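Commentary on secondary and tertiary structure
Residues per chain are reported as follows:
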Amino acid sequence: MKNFLTKNSVPYRTKNYFFLILASILIFLYQFTPADEGPLWLRYPAISPDGNSIVFCYKGDIYKVNAKGGTALPLTISDAHDFMPVWSPDGKWIAFASDRSGNYDVYIIPVEGGTAKRLTYYSTSDYPSCFTPDGSSVLFSSSRMDNVENIQFPSSVLSELYSVPVKGGKETQVLAIPAVDARWDKAGNRLLFHDRKGYEDTWRKHHTSSVARDLWMYNKNENKFTKLTDFAGEDRNPVWSPDEKEIYFLSEKSGSFNIWKMPVENVAQQTQLTKFEKNPVRFLSVANNGLLCFSYNGELFTKPSSGDAPQKINIKIETDERYAESQTELLTKGATEITVSPEGKEVAFVVRGEIFVTSTEGGVTRRITNTPEQERSISFSPDGRSILYAAERNNIWGIYQTSLTRKEEPLFFNSTLIKEEPILVGTTEAFQPRYSPDGNEVAYLEDRTAVKIINLKSKAIRTIMPANKSYSYSDGDQWFDWSPDGKYLLIQFLLDNNWISEIGLADASGNGKLIDLTQSGFDNYTPKWMAKGKMMIWGSNRHGMKNVASHGNQSDEYGLFFTQAAFDRFKLSKEDFEIVKEKEKEKKDKEDKGKDKKKADTKDSITKTDAVKIELDGIHDRKVRLTLHSSDLADAVLSNDGEQLYYLCKFEKGYDLWTNKFREKETKLLVHLAAKNVSMMEMDKDGKNIFLVADGNLVKINIDKSEKKNINFNAEMNLNLPAERAYLFEHQWRQVVKKFYVTDLQKTDWNYYKQNYIRFLPHINNNYDFSEMMSELLGELNASHTGCRYNPKFSTPDETAALGVFYDDAYT
């Protein structure tokens, strides 16, 4: 896309180019939004009982507009995300959900505006569905506590139904089952709702699965449940007609969600009221005069319950933008990758998709990339003067390199001039690059599965492993590693017609066959060359506790020795090994005496990497289990002498660093991290320190002292959030094109939906709306477990105590 330099060194013309790029992105977005189209992505409309007003959600706030259209005025103005408004029966109050306290709680606000009042105070999200008929309480769904007799799967996805007084006070459980979009009748006896049977994205469309939603009625007086619909697909969002003789609801019977109705006394007699295509009708509500209100394709509509056609409501919103398009942030946490330089004086890391370098002592931080797209898979060149990485720019993954340009500047973190250049940007995806040990070549993944090597001088490319030997389920799930002499690669691959991963040995020349080293029938992953190429280590679930769904969620670290001599040495007892070490020391001392000490600083005296020796005969008998206890294993490295394993695993409150001394047969906790998330760790060349990312922090561990130290960084960046969302939209859309499991995308008109949904981007200013919009787009694929998620982290969220008891909800 461009040759970015860092902020401190970029020339004036390149700065201008950067802003031109951002401007072009925004122009691209706005070309899909004609000036007369008005605001889009209007969601969660609810019509007032008298049919005169509509409240709806736009850009994280709740607005009110005349039911015939006009200028909408905001009811809520906060930095929180407010949505799901519902009217009180007397039309004086609006209940809604807001994350002002770190999770969604139920609030109420006067319909004329004013101060919102908080009703719920639980640390699980609460979502309102209706008021009680007398207006004294609000019904809401929340995942708090199952009834002790409930036989449904105990998952937070399956909520319960609660009621909370509008005056404040204790919540009570109405139903112990998921009763979503619940609506009381006027007598407060019959309750309409749609169910939820299991996990599936809320916005998935067109599926006829066992978890598709059905409509139900609960009779409170009789304590009886009646199933109202039996369509194999989705029925949801039921509402009462004004005379309560009919039920309006949304159904996919016609292909897309449309409005249907059925008589209460004859639910099999169902009539379709709208005939929209390509996009779903959402968020149905009805006024006391029978006027229906709903959202379709980002706009609001009304329709009389009679045969009249739906009418789009023309709405104007003239409020100022809440958030600045561009904002400066100083990030001191949130790193996702780390790699240490060859001399160990600085580390490169990735935070929010950008690359930075900081001193291992912390403090001085240098930005390397500056784009709205993401960069990842970082590594230093062998001489430490270049950083290699992948970047997704111009709608394709490519490989780039940023280098120091002044000879007198050996380090990145305090350099004044750096230069970026593309290494490989073509018509196929190229990422996860890694330098060869001599720095002359780069191995990488082509189109996520094939392993290839490019020569940096000649630009010649050769294939090491073809694409049909692997399958990428999610980006970053593939792995390979150069041998110390650069002649071989260890590659994680799949056998033909098999989903279990093995570890293969490949010749870096591209000649020869891929040799299966593990042959275990269990998952094998993340192979690494260790002990100067004499052995490899890798993870496997061979001995761990098995879980069918995840192919085993406990693992061990294993070792394989490439020569019999290395294996025999490893098997020596502690006493025999001491004798061998003494003899080796005596031999080395004699050799050192015959050397000319003056050659120490000459070119001839530089130690060259020993050639890796591979003895295939009997290699499958030279495997050992290196960990003594199976665990949730994250990563492992071996000491330089091959005598000690360091590994990250989790037993109780997070990941910690453990060690196993093989000859002493001693396994112990080395450093307590208690980290929820850790990245792959890396040891410096001297074998004295281990570097890793723990819960977004850069961590340096002194092995001898068993001490942990955070490497402080100050990553300053200017964020253009609309440009980031535009990139993420394109990234996700392309992921489907490249990786969806059927090539015809379930007959989905994917190009149409791209053009349709990209119109909404200028009308979205927060990640909640963005993730919901992307889930609607991805939902068109009719694929399970497919959607977009946003999980914000709050600094001081509510934390409700859980006492570990079941309550009797009938006790008063």
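Residues numbered from 1 in each chain as written. Predicted model: local features only at pLDDT ≥ 70, side-chain atom pairs only at ≥ 80, totals over all residues. Heavy atoms only, no water.

**Some words on the packing of helix α4 (residues 721-739) against helix α6 (residues 767-779)**
We count it as follows: Axis lines are fitted to C-alpha atoms, over the contacting stretch for helices. Their N-to-C directions set the angle, which ranges from 0 to 180 degrees. Starting at the N terminus, helices and strands are each numbered in turn, a helix being any DSSP run of H or I of at least four residues and a strand any DSSP run of E of at least two. Should an angle fall under 35 degrees it is taken as roughly parallel, and over 145 as roughly antiparallel, whereas 65 to 115 is taken as roughly perpendicular and any remaining angle as oblique. Left-handed describes a crossing whose near helix is turned anticlockwise from the far helix through less than a right angle; right-handed describes the clockwise counterpart. Any two residues whose heavy atoms approach within 4.5 Å at even a single point are treated as in contact. Amino acids outside the nonpolar list (Ala, Val, Leu, Ile, Met, Phe, Trp, Tyr, Cys, Pro) and the charged list (Asp, Glu, Lys, Arg) are all regarded as polar, and Gly is one of them.
Two elements in contact, α4 and α6, have axes whose closest approach is 11 Å; the angle formed by their N-to-C orientations is 25 degrees. Taken together, the axes of α4 and α6 lie roughly parallel to each other. For the pair α4 and α6, the crossing hand works out as right-handed. Each of Arg725, Leu728, Phe729, Gln732 and Val736 in α4 lies in contact with α6, whose residues at this interface are Asn767, Phe770, Met773, Met774, Leu777 and Leu778. Taken together, the residues of the contact of α4 with α6 sort by class into eight nonpolar, two polar and one charged.

**Digging into the state of the cysteines**
The condition is simple: Pairs of cysteine sulfur atoms within 2.5 Å are identified as disulfides in what follows.
Going through the model one piece at a time under the given rule, you end up with zero disulfides. Unpaired in terms of disulfides, Cys293 finds its nearest cysteine sulfur in Cys57, a separation of 12 Å.

**Digging into the packing of α4 against helix α5 (residues 750-758)**
The interhelical angle for the contact between α4 and α5, taken along N-to-C directions, is 170 degrees, at an axis separation of 12 Å. One finds that α4 runs roughly antiparallel with respect to α5. Contacts between α4 and α5 involve Phe729, Glu730, Trp733, Val736 and Val737 from the first element and Trp750, Asn751, Lys754, Tyr757 and Ile758 from the second. The class makeup of the residues in the contact of α4 with α5 is seven nonpolar, one polar and two charged.

**As for the side chain of Ser159**
Here Ser159 lies in the loop between β11 (137-142) and β12 (160-165). Residue contacts for Ser159: discarding those within four places in its chain leaves Ser141, Ser142, Ser143, Ile177 and Pro178.

**A closer look at the sheet that holds strand β48 (residues 632-638)**
What counts is decided by this rule: Note on pairing: two strands pair once DSSP finds at least 2 bridges between them.
Across the sheet, four strands lie side by side as β48-β49-β50-β51; this open sheet has antiparallel pairing. In this open sheet, the two strands that pair with only one neighbour each are β48 and β51 (666-675). Strand-to-strand, the axes of this sheet are offset by a mean angle of 20 degrees, without reference to chain direction.

**Description of the confidence of the model for the protein chain**
Note: predicted coordinates in regions of low pLDDT should not be interpreted at a detailed level. Convention followed: Every residue gets a pLDDT, meaning the predictor's confidence in that residue, from 0 to 100.
Looking at the protein chain, the pLDDT average stands at 91 and 93% of residues meet or exceed 70. Confidence drops under a pLDDT of 50 for residues 1-35, and excluding neighbours within four residues, the segment shows 61 contacts in the predicted structure. For residues 600-607, every residue scores under 50 in pLDDT, and the model assigns this stretch two contacts once sequence neighbours within four places are set aside.

**Looking at the pattern of salt bridges**
Quick reminder of the rule: Here a salt bridge means any side-chain nitrogen of Lys or Arg lying within 4 Å of a carboxyl oxygen belonging to Asp or Glu. For the exposure calls, accessible area comes from a 1.4 Å probe over protein chains only, and a residue counts as buried if that area is under 20% of its type's maximum, exposed if over 50%, partly exposed in between.
Overall, the coordinates contain 51 salt bridges when judged by the stated rule. Between Glu244 and Arg190 there is a salt bridge; the shortest N-O distance is 3.5 Å. Remark: Arg190 occurs in strand β15 (residues 190-194) and Glu244 occurs in the loop between β18 (235-240) and β19 (246-251); sequence separation between them is 54 residues. We note a salt bridge from Glu429 to Lys738, for which the minimum N-O separation is 4.0 Å. A residue pair is termed long-range when its members are at least 10 positions apart, and Glu429 in the loop between β35 (418-424) and β36 (430-435) and Lys738 in helix α4 qualify at 309 residues. Take Glu429: its relative accessible area is 1%, and that puts it in the buried class.

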